[in-house]
Amino acid sequence: MRDTPPGGFVDFVIARGPALHRTAVLLTRQEESAEDLVQIALAKAWQCWDRIDGNHEAYVRRIIVNEFASAWRRRWRGELPTADLPELTGDDHGDGVSMHQVLMAALATLPPRQRAVLVLRFFHDYTEAATAEAMGITIGTVKSQTFKALAALRISEELHEGAGPEPTGSAREGMLL
Amino acid sequence: MKRTLDDLRGALREDADDTAYPDADALVAGARRRVVATRRRRLAALGAATAAVLVVAGVASTHSTQQGVLRPAGKGTTGTAISPTSSRTASLAPSQSAVDARVYGIDPAIAALPIAVRVLQPHPASGPLGTTQTSTPEGLWLVSYPGTFDGADLGASPQLADYGELLLMTPNRSRILHAYPFRGLPPQWLLVTPQAVYCGRQGDGGLPDSMVCRVDRSTGELGVAVFSSATDSSFGDPRALAGRPGRWRLDGSHPTADLQHRPRIAADGLLFDPYPNQAGSRPLRLDPVTLE
């Protein structure tokens with residue numbers, strides 16, 4: 001094992017570090033924890049850098065997502081999505097700050113897998129298959145986790161139809177948009 | 001007012017855009033620190049294991065007849081016996097042969113780990129999770145979380161994420177006689193009865209599903225009941241259990257009992273107590289053979 005970074009590692013961090021850090025911030029909701037998470041993932045990637053086949057960024061992001069879920073396992077104490085998520089009134093219409101705050105606060109209460117699925121699907125625009133591959137779960141689990149997460153966030157039913165565990169024949173990617 | 005996916009996308013992007021750019025030098029330096037620390041821990045683990053093997057070798061040389069007690073379970077247990085006379089080399093050897101890995105459904109990358117890295121038990125401070133090893137005439141039963149050492153990750157392999165196993169080893173921990181892999185459901189406790197070995201786990205935030213396992217001590221057969229989480233299961237699709245060695249059954253009853261601790265052996269089965277001071281938690285009784 002080397003103490004000096006493998007070839008291309010530093011350039012990769014300079015180029016893609018900010019994007020990976022953004023993923024980590026959305027997962028952890030804390031910048032310090034996010035930086036730790038990225039460093040942990042980079043350290044793991046460092047040790048097998050030359051053996052990574054293909055997309056280094058996808059590989060490191062996968063470590064970030066799975067490390068987040070593992071770390072959460074040790075720290076999470078059964079917090080559940082609240083049933084009392086505040087409803088926005090008509091007064092909030094057009095006030096992006098309120099919507100943003102409510103959604104991000106609700107996102108922070110989601111179980112880790114659901115949070116990770118939403119970040120990959122709707123921030124990184126991963127397909128269900130790519131999300132499943134990144135998280136090491138089945139596409140069916142991605143669908144069910146997406147469905148539950150959107151329900152917890154009270155995203156309009158008609159706009160996430162098809163994201164559920166048993167999609168109908170009309171389920172389609174475009175409908176999610 | 002309805003929330004839409006565009007609202008969610010917008011909130012995520014806005015939040016991400018508000019994030020300060022990290023210092024690339026700090027990221028590289030932090031990664032380097034962790035790589036060095038991992039190497040030191042790995043060397044410490046291997047050193048401790050080497051010392052232990054040397055001690056065991058000394059004991060074995062004066063009690064060689066004790067080895068006759070062991071009965072390796074299954075015809076596949078070959079090829080990884082560690083010679084006391086070559087302990088340093090042996091401590092770096094694969095913990096299982098490729099043949100054994102196939103027989104027991106173990107990922108080859110995990111089988112390739114040396115014993116010192118693969119056989120690592122949960123740190124006592126990690127939680128009140130109960131006994132994780134028990135000596136029996138057939139060997140030492142233990143729960144192992146490969147790739148972790150004092151809470152630090154040793155392995156970079158994704159195969160080790162959320163992985164645990166139930167192992168039957170020789171009493172001196174030098175050889176794995178039988179291995180039962182639990183991907184995504186690492187056991188937390190162990191209970192040995194005259195007929196069977198039980199293990200189990202309580203789901204939590206990261207790995208929300210629970211399970212109880214049973215290994216028949218006479219045949220080595222494994223049966224597992226997976227209790228899927230009602231809110232966040234990784235096993236909503238039964239195909240997620242396909243291909244695992246033994247009999248795996250998905251149970252959707254969502255028990256509320258405390259599966260984090262060992263059950264009591266009652267006249268009519270295994271009895272898991274309810275969580276104290278938790279309204280709605282009810283005991284769970286399982287058939288000691290079928291786990292139903």
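This text follows the structure it describes.
Bear in mind that the values here come from a model prediction, so they are computed numbers and not experimental data. (Residues numbered from 1 in each chain as written. Chains lettered and ligands numbered in written order. Predicted model: local features only at pLDDT ≥ 70, side-chain atom pairs only at ≥ 80, totals over all residues. Heavy atoms only, no water.)

Trainee: Give a description of the overall build of chain A that names residues and reports values.
Mentor: Summing up its helical and strand segments, chain A has eight helices and zero strands in all. Sequence-ordered secondary structure for chain A, helices as α and strands as β, is α-α-α-α-α-α-α-α. Across the 177 residues of chain A, 52% fall into the buried class. Taking all contacts inside chain A whose residues are at least 6 apart in sequence as the whole, residues at least 24 apart take part in 58%. (Helix = DSSP H or I, 4+ residues; strand = E, 2+ residues; numbered from the N terminus. Buried < 20%, exposed > 50% of the residue type's maximum accessible area, 1.4 Å probe, protein only. Contact = heavy atoms within 4.5 Å.)

Trainee: With reference to specific residues and values, describe the overall build of chain B.
Mentor: Along chain B, the regular secondary structure elements total six helices and 14 strands. For chain B, the proportion of its 292 residues judged to be buried stands at 50%. Within chain B, counting contacts between residues at least 6 apart in sequence, those at least 24 apart form 52% of the total. Carbon and sulfur atoms make up 55% of the accessible area of chain B, which totals about 13,400 Å². (Areas by Shrake-Rupley, 256 points an atom, 1.4 Å probe, with all protein chains shown as cover.)

Trainee: Go over the pairing of strand E13 (residues 269-272) of chain B, please, and point to the residues and values.
Mentor: Residues and elements named next belong to chain B. By the bridge criterion, three bridges tie strand E12 (residues 264-266) to E13 in an arrangement that is antiparallel. Following the sheet pairing, Arg-264 is matched in E13 by Leu-271. Where E13 and strand E14 (residues 284-286) come together, three bridges link them in antiparallel fashion. Among the inter-strand pairings, Leu-271 is bridged to a residue of E14, identified as Arg-285. (Pairing = 2+ DSSP bridges.)

Trainee: An account of the packing of helix H5 (residues 112-123) of chain A against helix H7 (residues 139-153) of chain A is needed here, citing residue identities and associated values.
Mentor: All names here are of chain A. Relative orientation of the contacting elements H5 and H7 amounts to 95 degrees, with a least axis distance of 9 Å. Our classification of the angle between H5 and H7 gives roughly perpendicular. Counted together, Arg-113, Gln-114, Val-117, Leu-118, Arg-121 and Phe-122 of H5 and Val-142, Gln-145, Thr-146, Lys-148, Ala-149, Leu-150 and Leu-153 of H7 form the full contact between these two elements. When grouped by side-chain class, the residues that make up the contact of H5 with H7 number seven nonpolar, three polar and three charged. (Axes fitted to C-alpha atoms, helices over the stretch in contact; angles between N-to-C directions. Parallel < 35°, antiparallel > 145°, perpendicular 65-115°, else oblique. Nonpolar A, V, L, I, M, F, W, Y, C, P; charged D, E, K, R; others polar.)

Trainee: Talk me through helix H1 (residues 9-28) of chain A; I want residue IDs and the actual numbers.
Mentor: Residue and element names in this part refer to chain A. In this model, H1 (20 residues) spans only 24 Å end to end at C-alpha, well below the 28 Å of a helix rising 1.5 Å per residue. At Arg-16, H1 shows its largest kink, close to 55 degrees, and the proline Pro-18 lies no more than four residues downstream. Burial analysis of H1 places 14 of its 20 residues in the buried class, the great majority of the element. Directly beyond the C-terminal end of H1, a positive phi value near 65 degrees is found at Arg-29. (Expected span 1.5 Å × (residues − 1). Bend = angle between axes of the 7 residues up to and from the residue.)

Trainee: Tell me about unusual backbone geometry, residues and numbers included.
Mentor: Excluding glycine, residues mostly have negative phi values, and the peptide bonds linking residues are mostly trans. Although it is not a glycine, Asp-125 of chain A adopts a positive phi angle of roughly 60 degrees. The residue Asp-125 of chain A is located in the loop between H5 and helix H6 (128-135) in this model. Judged by relative accessible area, Asp-125 of chain A falls into the partly exposed class, the value being 44%. One non-glycine residue, His-254 of chain B, lies in positive phi territory at about 50 degrees. Within the secondary structure, His-254 of chain B is located in the loop between strand E11 (247-251) and E12.

Trainee: Which residues make up the sheet that holds strand E2 (residues 139-144) of chain B, and what are the values?
Mentor: All names here are of chain B. Taken in spatial order, the four strands make up an open sheet running E1-E2-E5-E6, and their pairing is antiparallel. Only two strands of the sheet have a single neighbouring strand rather than two, namely strand E1 (133-136) and strand E6 (176-183). For this sheet, the mean angle separating the axes of adjacent strands, direction not counted, is 15 degrees. Where E1 and E2 come together, four bridges link them in antiparallel fashion. In the strand pairing of E2, Gln-133 is matched with Leu-142.

Trainee: I'd like a description of the state of the cysteines, backed by residues and values.
Mentor: In protein structure, a disulfide is the covalent linkage between the sulfur atoms of two cysteines. Residues and elements named next belong to chain B. Within the structure shown, the criterion is met by one disulfide over all chains. Disulfide pairing is shown between Cys-199 and Cys-213; the S-S distance is 2.2 Å. The chirality of the disulfide connecting Cys-199 with Cys-213 is right-handed, given an S-S dihedral of about 130 degrees. One end of the pair, Cys-199, is in strand E8 (residues 196-201); the other, Cys-213, is in strand E9 (residues 210-216), and 14 residues separate them in sequence. We classify Cys-213 as buried; its relative accessible area is 0%. (Disulfide = S-S within 2.5 Å.)

Trainee: So what's going on with the pairing of E2 of chain B? Residues and values would help.
Mentor: All names here are of chain B. A large share of E2 lies buried, amounting to six of its six residues. Hairpin connection between E1 and E2: a loop of two residues separates the two successive antiparallel strands. Pairing between E2 and strand E5 (residues 163-169): five bridges, direction antiparallel. The residue bridging Trp-141 from the neighbouring strand is Leu-168, located in E5.

Trainee: Provide a residue-level description of the environment of Gln-114 of chain A, including the pertinent values.
Mentor: Mapping Gln-114 of chain A onto the fold places it in helix H5. Linking Gln-114 of chain A and Phe-147 of chain A, residues 33 residues apart in sequence, is a C-alpha distance of 9.0 Å.

Trainee: Help me get a handle on helix H1 (residues 5-17) of chain B, residues and values and all.
Mentor: Because an α-helix packs 3.6 residues into every turn, residues spaced three or four apart end up facing the same way. Residues and elements named next belong to chain B. With 13 residues, H1 ought to run about 18 Å at 1.5 Å a step, and its terminal C-alpha atoms sit 18 Å apart, in line with that. Along H1, the positions that sit buried rather than exposed are Leu-5, Leu-8, Arg-9, Ala-11, Leu-12, Asp-15 and Ala-16. Seen along its axis, H1 keeps its buried residues to an arc of 160 degrees; they face one direction. (Arc of directions from axis to C-beta.)

Trainee: Give me the lowdown on the sheet that holds E9 of chain B, citing residues and values where you can.
Mentor: Residues and elements named next belong to chain B. Strands sit in the order E7-E8-E9-E10-E11 across an open sheet of five strands; the sheet is mixed. Of all strands in the sheet, those bounded by a partner on one side alone are strand E7 (189-192) and E11. Neighbouring strand axes in the sheet, compared pairwise and without regard to direction, differ in orientation by 15 degrees on average. Here E9 pairs with strand E10 (residues 222-227) via six bridges, running antiparallel. Bridging across to E10, Val-212 finds its partner in Ala-225.

Trainee: Could you give me a rundown of the packing of aromatic side chains, with the residues and numbers involved?
Mentor: Residues and elements named next belong to chain B. This structure, assessed with the given rule, holds six aromatic pairs over all chains. Aromatic pair Trp-189 and Phe-272: ring centres 6.0 Å apart, planes at 50 degrees, arrangement tilted. Residue Trp-189 is located in strand E7, and its partner Phe-272 is located in strand E13; the two are separated by 83 residues in the primary sequence. Among the residues examined, Trp-189 registers a relative accessible area of 0% and is labelled buried. You can call Phe-272 buried: its relative accessible area is 1%. Over the ring of Trp-248 we find Arg-244; its NZ or CZ atom is 4.8 Å from the centre of that ring. (Phe/Tyr/Trp six-rings, centres within 6.5 Å; stacked < 30°, edge-to-face > 60°. Lys NZ or Arg CZ within 6 Å of the ring centre and 35° of its normal.)

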